[in-house]
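# Survey of secondary and tertiary structure
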Amino acid sequence: MAFTKKNITELIATAKKAGEIALKYQKENLSVQQKKDKTPVTKADFAVNKLLSKKLQRISPQIALISEENDKNSNLDAAKSGNFFIIDPIDGTKPYIKGKAEFAISIGYVENHKANWGIIYLPAFKEVYYCFNGQAFMEKSNGDTAKLQMQKKGKNLIALISSRFKEQEIIDQYAKKYSIAQIQNMSSAMKFCHLAAG
């Protein structure tokens, strides 16, 4: 399917609505449950998943959907098709449950087994990062949009790593090898946004 800028704009608006839902739930009793894989899930995950799924089905009902909250077999069938939407309703559930800002709403489309476009929304910061037609953009909280460009390697590099990664010896080796001046632990897809923004 050929997606248009209008489709992306609509999905960004939906991601923002989903962000409002997530922030609202975060202030209330989240009613945390445990999935079969022992990871946590909340009412907010299900509410955001429902909103995003409905919007994607309206845009293109024939395209399969992979989601964190769908069952394993459904996701496997979707992946085999080669063309599918992929969403993570609340990426960074653990920090989200703790009331932290490090969580994201992620939406993407894979065509012929290759990433086609993607949207990441950071509700706590009201920032949107998205790629479409081979270009990447960041929409700031004030509505201004900037095109993201690949930057040359400079000095005082900052490395962003998962907060789950605890192998300090390996971290130190990479810091020395690549002359990294600072290391920041960060959860969720938020670190990819910071990497893209340079």
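## Things to note about the pattern of salt bridges
- Applying the stated criterion across every chain, the model contains 5 salt bridges.
- A salt bridge links Glu28 to Lys24; the nearest nitrogen and oxygen atoms lie 3.3 Å apart.
- The exposure class assigned to Glu28 is partly exposed, which follows from its relative accessible area of 41%.
- In this structure, the salt-bridge partner of Lys35 is Glu68, at a minimum N-O distance of 3.4 Å. Of this pair, Lys35 sits in the loop between strand E1 (33-34) and strand E2 (40-41) while Glu68 sits in the loop between strand E3 (64-67) and helix H3 (72-81), and the two are 33 residues apart along the sequence.

## A closer look at a positive patch on the surface
- Taken together, Lys17, Lys50, Lys54 and Arg58 make up a surface patch of like positive charges.
- Top contributing element to the positive patch by residue count: helix H2 (residues 43-59), with 3 residues.

## Focus on the side chain of Thr14
- Take Thr14: it is sitting in helix H1 (residues 5-26).
- When residues no more than four places from it in sequence are discounted, the contact partners of Thr14 are Leu51, Leu52 and Lys55.

## Side note on the nonpolar core
- In terms of nonpolar packing, the biggest core is built from 30 residues, with Phe3, Phe85, Ile107, Trp117 and Ile119 touching the most fellow members.
- Where this core is concerned, the elements lending two or more residues are H1, H2, strand E4 (84-91), strand E5 (104-111), strand E6 (114-122) and strand E7 (127-132).
- The greatest single-element share of this core, amounting to 6 residues, is contributed by H1.
- Once you skip the residues sitting within four places of it in the chain, Ile107 turns out to touch Leu11, Ala15, Leu52, Leu56, Ile86, Ile87, Trp117, Gly118 and Ile119.
- Counting residues in each nonpolar core, the second largest holds 9 residues, with Ala104, Ile120, Tyr129 and Leu148 among its members.

About the thresholds
- Residues numbered from 1 in each chain as written.
- Predicted model: local features only at pLDDT ≥ 70, side-chain atom pairs only at ≥ 80, totals over all residues.
- Heavy atoms only, no water.
- Salt bridge = Lys/Arg side-chain N within 4 Å of Asp/Glu carboxyl O.
- Buried < 20%, exposed > 50% of the residue type's maximum accessible area, 1.4 Å probe, protein only.
- Helix = DSSP H or I, 4+ residues; strand = E, 2+ residues; numbered from the N terminus.
- Patch = residues over 30% accessible without salt bridge, like charges linked within 9 Å, V, L, I, M, F, W, Y side chains within 5 Å.
- Areas by Shrake-Rupley, 256 points an atom, 1.4 Å probe, with all protein chains shown as cover.
- Lys, Arg positive; Asp, Glu negative; His and termini not counted.
- Charge placed at Lys NZ, Arg CZ, Asp CG, Glu CD.
- Contact = heavy atoms within 4.5 Å.
- Core = buried A, V, L, I, M, F, W, Y, C linked by side-chain atoms within 4.5 Å.

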